Amino acid sequence: MKTLLLSPLPCSSFAPPKTQHAPLSPSPHALSSSAVTSSAPSTVVVIGAGLSGLAAATHLASAAVPFVLLEASDDVGGRVRTDSLNGFLLDRGFQIFLTAYPEARRLLHYPSLRLRPFYPGALVFHGGRLHRITDPFRLPLLGLASLLNPIGSIPDKLLVGLARLAAASRTDADLLSAPETTIAQRLGAAGFSPSIVERFLRPFLAGIFFDPDLATSSRLFDFIFKCLALGDNTLPSAGIGAIPEQLAARLPPGSLRLRSRVAAVDPGGASVTLECGEVVSADLGVIVAVEQPEAETLVPQFLPPKQDKTGTVRSTVCLYFSADRAPVTEPILILNGSGEGIVNNMFFASNVAPSYAPEGKTLVSVSLVGAFPERSDDELAAEVVRELAGWFTPEEVGAWRHLRTYRIGFAQPDQTPPTNLTAREPRVGAGLYLCGDHWSSATFDGALVSGRKAAKALLKDRGLVQA
């Protein structure tokens, strides 16, 4: 079965026919690199059309400032993309959109995304069966019924409610700049028992941060907990890629150049050089909005020194299967609380958004945490099927058909303490600005905030907005 690895295309290459579910194709906003030879005078160059680059471009467009947005791959979104395969919508990795993200609320038009919510809770596989955890603030009766299951004690579940209330009562700035420790230490200090940590919180949070050791900053735990308390977990009906596509649709015609990989950035922010040799001038400055590994290649002199943190690469593997029916009919996340096996979490995506599968079919999404380089796609798919046959029935799972495997080597930047999630200066040199989730918080919202801050700093420096 096909595996998709995330890798940019050089500007001299022509992309193959697109398989992504992308209403922007063909788009008046996007030109291939061969169609343009130079940028217009007095232009900002934004490198990378992921969420942070699109956010920066959106704010520049709102200020009527000319820019060119250079993207190495064949479409927008960066790590936030959706592919279409035989009527199935396959997000590139397990991704859920939280409606309570504050920056997303300001920037995105939610009704156009046709967001479909998850059940407010989860099923946890433990002791050979599935146990239900329900948010008592949203479904009180079902929440009370879940108090007696073996996924933590009653005091544990009360502590979850208290943590939720505490996070919801604080400002985002306070949460993201509060004294920090690791999530694991935070949970221990709060009094959570090993039972609820191992059976529920560890697999749940590992699915969000791709960090089974829970070494990520407690600041992110509190921020995500607040968003979970105040909003819904959702999927856009057209796939997670609909989020960057919505932002790209607002850009001026001709401002987006696809298949235009940047090879070098002038340290003074005056120009960038594409991999094909073309030099693109940037009279107003350069915003570098690529993911952390690419930023370390393009502008290493402006990034903090790398710290020796063994095991902090955040990787994930996502496998998709087609099924004739779902053994669970609810739009609910299913967690591995057994402490055994390679599956961290899974769900039936078409239960959440029926548009994710063709009529009469079910889309199964299975997530693993880690890279698993020693195992082939076929070996991983076979092991997942064997494992999930114990969750459901061998007959059901054995009939699933493997569609595609996504191996995402860099799923998130490392955000173990110490972190700086709010105060990083986007201006790193004269005419040069950085943004991205590695420069903020490793969330959709952090990427959007970082892009806005970079654009605003550039506009202020150039006297294009009032201080």
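The name recorded for the chain in an unreviewed UniProt entry is Amine oxidase domain-containing protein, from Ensete ventricosum.

> Is there a simple way to think about the overall build of the chain in this case?
Within the chain one finds 15 helices and 23 strands. Taken over 467 residues, the chain has a buried fraction of 57%. When contacts within the chain are restricted to residue pairs at least 6 apart in sequence, those whose partners lie at least 24 apart make up 75%. Split by element, the accessible area of the chain, about 18500 Å² in all, is 57% carbon and sulfur.

> Can you help me understand the packing of helix 8 (residues 194-209) against helix 9 (residues 218-230) in this one?
The description of two packed helices rests on the angle between their axes and on the distance between the axes. For the pair helix 8 and helix 9, the least separation of the axes is 12 Å and the interaxial angle reads 100 degrees. Considering their axes alone, helix 8 and helix 9 lie roughly perpendicular with respect to each other. In this structure, helix 8 contributes Phe204, Leu205, Ile208 and Phe209 to the contact, and helix 9 contributes Leu220, Phe221, Ile224 and Leu228.

> Would you explain the nonpolar core in this entry?
General note: in soluble globular proteins, nonpolar side chains tend to be found buried as a group. Core analysis: the largest hydrophobic core is formed by 93 residues, its most contacted members being Leu60, Phe97, Phe200 and Ile287. Take this core: its biggest share by element is 8 residues, from helix 15 (residues 444-461). Excluding anything up to four places from it in sequence, Leu60 contacts Val44, Val46, Val65, Phe67, Ile287, Ala455, Leu458 and Leu459. One finds Tyr119, Leu123, Leu368 and Phe392 within the second-largest nonpolar core, a separate group that totals 28 residues.

> Whenever I open this one, the sheet that holds strand 8 (residues 115-117) confuses me. Can you help?
Strands sit in the order 7-11-8 across an open sheet of 3 strands; the sheet is antiparallel. Strands with a single pairing partner mark the edges of an open sheet, and in this sheet they are strand 7 (97-98) and strand 8. Direction of pairing for strand 7 relative to strand 11 (residues 233-236): antiparallel, over a ladder of 2 bridges. Its bridge partner being in strand 11, Leu98 is matched across the sheet by Asn233.

> Honestly, the sheet that holds strand 15 (residues 279-281) in this entry has me stumped. Any pointers?
Across a sheet, strands are paired by hydrogen bonds formed along the backbone, either parallel or antiparallel in direction. Spatially, 3 strands are ordered 13-14-15 in an open sheet, and the strand pairing comes out antiparallel. The sheet is open, and its two borders are formed by strand 13 (262-265) and strand 15, each paired with just one other strand. Averaged over all pairs of adjacent strands, the angle between their axes in this sheet comes to 25 degrees, without regard to strand direction. Direction of pairing for strand 14 (residues 271-274) relative to strand 15: antiparallel, over a ladder of 3 bridges. Pairing of Thr273 across the sheet is with Val279, part of strand 15.

> What is the right way to read the packing of helix 1 (residues 51-62) against helix 15 from this model?
Between helix 1 and helix 15, whose axes approach to 7 Å, the crossing angle comes to 40 degrees. Taken together, the axis directions place helix 1 and helix 15 in an arrangement best described as oblique. Every pair of crossing elements has a handedness; the one defined by helix 1 and helix 15 is right-handed. For the pair helix 1 and helix 15, contact is made by Leu51, Ser52, Ala55, Ala56, His59 and Leu60 and by Phe444, Ala447, Leu448, Gly451, Arg452, Ala455, Lys456, Leu458 and Leu459, respectively. Grouping the amino acids of the contact of helix 1 with helix 15 by side-chain chemistry returns 10 nonpolar, 3 polar and 2 charged.

> Is there a simple way to think about the environment of Phe372 in this case?
Tracing the chain through its elements places Phe372 in the loop between strand 20 (362-369) and helix 13 (377-388). Residues contacting Phe372, with those up to four places away along its chain left out, are Val317, Ile342, Leu380 and Arg407.

> Quick question: what am I supposed to make of helix 15 here?
Spacing of three or four residues puts side chains on the same side of an α-helix, whose turn is 3.6 residues. With 18 residues, helix 15 ought to run about 26 Å at 1.5 Å a step, and its terminal C-alpha atoms sit 26 Å apart, in line with that. Within helix 15, 13 of the 18 residues are buried, which leaves it mostly tucked inside the rest of the structure. In the stretch just after helix 15, Gly463 is the one whose phi turns positive, near 70 degrees.

> Would you mind going over the packing of aromatic side chains with me for this structure?
The description of two aromatic rings rests on the distance between their centres and on the angle between their planes. Evaluated as defined, the whole model comprises 15 aromatic pairs. Arranged with centres 5.9 Å apart and planes meeting at 45 degrees, the rings of Phe321 and Trp400 form a pair that is tilted. One end of the pair, Phe321, is in strand 17 (residues 314-323); the other, Trp400, is in the loop between helix 14 (394-398) and strand 21 (401-412), and 79 residues separate them in sequence. Here Phe321 falls in the buried class, since its relative accessible area comes to 1%. Residue class for Trp400 comes out buried when judged on its relative accessible area of 9%. An aromatic cluster is built from Phe97, Tyr101, Tyr110, Phe223 and Phe444, whose rings are joined through pairwise contacts. Geometry around Tyr119 places Arg132 over its ring, the cationic atom sitting 5.1 Å from the centre. In this arrangement the basic side chain of Arg424 is found over the ring face of Trp439, its NZ or CZ atom lying 4.3 Å from the centre.

> I would appreciate a short explanation of the pattern of salt bridges in the present structure.
As a working rule, side chains carrying opposite charge can pair if their charged atoms are close by. The final tally for this structure, using the stated rule, is 28 salt bridges. Put simply, Glu291 and Arg79 hold a salt bridge, and the shortest N to O gap is 3.1 Å. Pair noted here: Glu291 is in the loop between strand 16 (285-288) and helix 11 (292-298) and Arg79 is in the loop between strand 4 (67-70) and strand 5 (82-85), with a separation of 212 residues, a long-range link. Residue classification places Glu291 among the partly exposed positions, given a relative accessible area of 30%. Measuring nitrogen to oxygen at the nearest pair gives 3.0 Å for the salt bridge that ties Glu278 to Arg257. Of this pair, Glu278 sits in the loop between strand 14 and strand 15 while Arg257 sits in strand 12 (residues 256-258); the two residues are 21 residues apart in sequence, bridging distant segments of the chain.

> Help me understand unusual backbone geometry in this model?
Note: most peptide bonds trans; most residues except glycine with negative phi. The omega angle of the peptide bond from Pro417 to Pro418 is 0 degrees, so this bond is cis rather than trans. In this structure, Pro418 sits in the loop between strand 21 and strand 22 (427-429). Unlike most non-glycine residues, Asn86 shows phi in positive territory, near 55 degrees. Examined against the element boundaries, Asn86 turns out to sit in the loop between strand 5 and strand 6 (88-91). If you check the backbone angles, Arg259 has positive phi at about 50 degrees while not being a glycine.

> Explain the pairing of strand 16 to me, please; I cannot follow it from the model alone.
Both faces of strand 16 are covered, namely the face carrying Gly285 and Ile287 and the face carrying Val286 and Val288. When strand 3 (residues 44-47) meets strand 16, the two strands line up parallel, connected through 4 bridges. Bridge pairing in strand 16 places Val45 opposite Val286. Relative to strand 23 (residues 432-434), strand 16 runs parallel, the two sharing 3 bridges. The residue of strand 23 that forms the bridge with Ile287 is Tyr433.

Conventions we followed
Residues numbered from 1 in each chain as written. Predicted model: local features only at pLDDT ≥ 70, side-chain atom pairs only at ≥ 80, totals over all residues. Heavy atoms only, no water. Helix = DSSP H or I, 4+ residues; strand = E, 2+ residues; numbered from the N terminus. Buried < 20%, exposed > 50% of the residue type's maximum accessible area, 1.4 Å probe, protein only. Contact = heavy atoms within 4.5 Å. Areas by Shrake-Rupley, 256 points an atom, 1.4 Å probe, with all protein chains shown as cover. Axes fitted to C-alpha atoms, helices over the stretch in contact; angles between N-to-C directions. Parallel < 35°, antiparallel > 145°, perpendicular 65-115°, else oblique. Core = buried A, V, L, I, M, F, W, Y, C linked by side-chain atoms within 4.5 Å. Pairing = 2+ DSSP bridges. Left-handed = near helix turned anticlockwise from the far one by under 90°. Nonpolar A, V, L, I, M, F, W, Y, C, P; charged D, E, K, R; others polar. Expected span 1.5 Å × (residues − 1). Phe/Tyr/Trp six-rings, centres within 6.5 Å; stacked < 30°, edge-to-face > 60°. Lys NZ or Arg CZ within 6 Å of the ring centre and 35° of its normal. Salt bridge = Lys/Arg side-chain N within 4 Å of Asp/Glu carboxyl O.

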